[in-house]
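Chains, contacts and geometry: an overview
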Amino acid sequence: MAQHPTPAEEQAGAGLPFPTIRSVGFGAPFQWIARGFSDLKACPVASLFYGFCFTAMGLLVTFVFEHAYQYTSAVTTGFLLLAPFFAMGLYELSRRRELGQACALAPTLTVWRRNAGNIAVFAAVLTVIFLIWARASLVVFAIFYTREMPNLSGFLSQVLSMENLEFLLVYCGVGFVFALLVFAVSVVSIPLMLDRNQDAVTSMLASIRALAENPMPLLVWAALIVGLTLLGFMSFHLGLAVLMPVVGHATWHAYRDLVEPLKR
């Protein structure tokens, strides 16, 4: 059974030194994906449990918001922004595999309890960003969308055919700013908080530094995450069952490569 830190240990975690960030090569993201796939093969049952949770969320989002046109894309983007929280169990599976422990699902379900306070702070930060983005999305739709609101398939067809180009440019530009902000503060944040009980602020600053010191590899990593997620959505969400566990496990390996291990 996973051991949770005592209150004294949690308080000690707040005094940890600032994480040392390492440089990685341009091809590192592809190695992370390969290791993530290896973790999936080693822990198929527990990993696919989380994968089907992602699939269920994707299907639910599409079902509920299919005819709430202006909300669909914002909520879908919110799914992408909040996905790191749903991947905590996958991080724990990778960590347990490193330690030679069994790929048990049960201990990963409550892994957030290991550093609940700081994870809650980080969740609040991402929630605020998501709510601002949702509001900004509505404003962009109201100002720049010049045609009758389509359903979800109609909206996607307009995106693919590059219709309403001014709207697409503004919407993508605003979305990119919010997505980059979220990515910058979350590259290694949750793995840091889970692995060494780091505080939320330090974890977010370490993530920003990791991106600043490895801009090209991490932009490639971001592109891979977005690409695999979109592929999962385009496969009627079924691909999410496999692709999201791979990304989740790979994120743990990204953390391992980017952050120097803590010297005890």
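Heads up: the structure comes first, above all this text.
Residues numbered from 1 in each chain as written. Predicted model: local features only at pLDDT ≥ 70, side-chain atom pairs only at ≥ 80, totals over all residues. Heavy atoms only, no water.

1. With respect to the environment of S189
Turning to its location among the elements, S189 is positioned in helix α10 (residues 189-195). Taking relative accessible area as the criterion, S189 reaches 0% and is therefore assigned buried. Separated by 12 residues in the primary sequence, S189 and V201 place their C-alpha atoms 8.9 Å from one another. Look past the residues within four positions of S189 in its chain and what remains in contact with it is F122, S203, M204 and S207. Looking at S189, its side chain comes within polar contact range of the main-chain oxygen of V185, at 2.3 Å. (Helix = DSSP H or I, 4+ residues; strand = E, 2+ residues; numbered from the N terminus. Buried < 20%, exposed > 50% of the residue type's maximum accessible area, 1.4 Å probe, protein only. Contact = heavy atoms within 4.5 Å. Polar contact = N/O pair within 3.5 Å; in protein donor to acceptor, adjacent residues only side chain to side chain.)

2. What about the state of the cysteines?
For the coordinates displayed, the defined rule picks out 1 disulfide. For C43, the disulfide goes to C103, at an S-S distance of 1.9 Å. Highlighted residues: C43 in the loop between α2 (28-42) and α3 (44-65) and C103 in the loop between α5 (88-98) and α6 (106-109), separated in sequence by 60 residues. Owing to a relative accessible area of 3%, C43 belongs among the buried residues under this scheme. Of the residues examined, C103 reaches a relative accessible area of 30% and is grouped as partly exposed. (Disulfide = S-S within 2.5 Å.)

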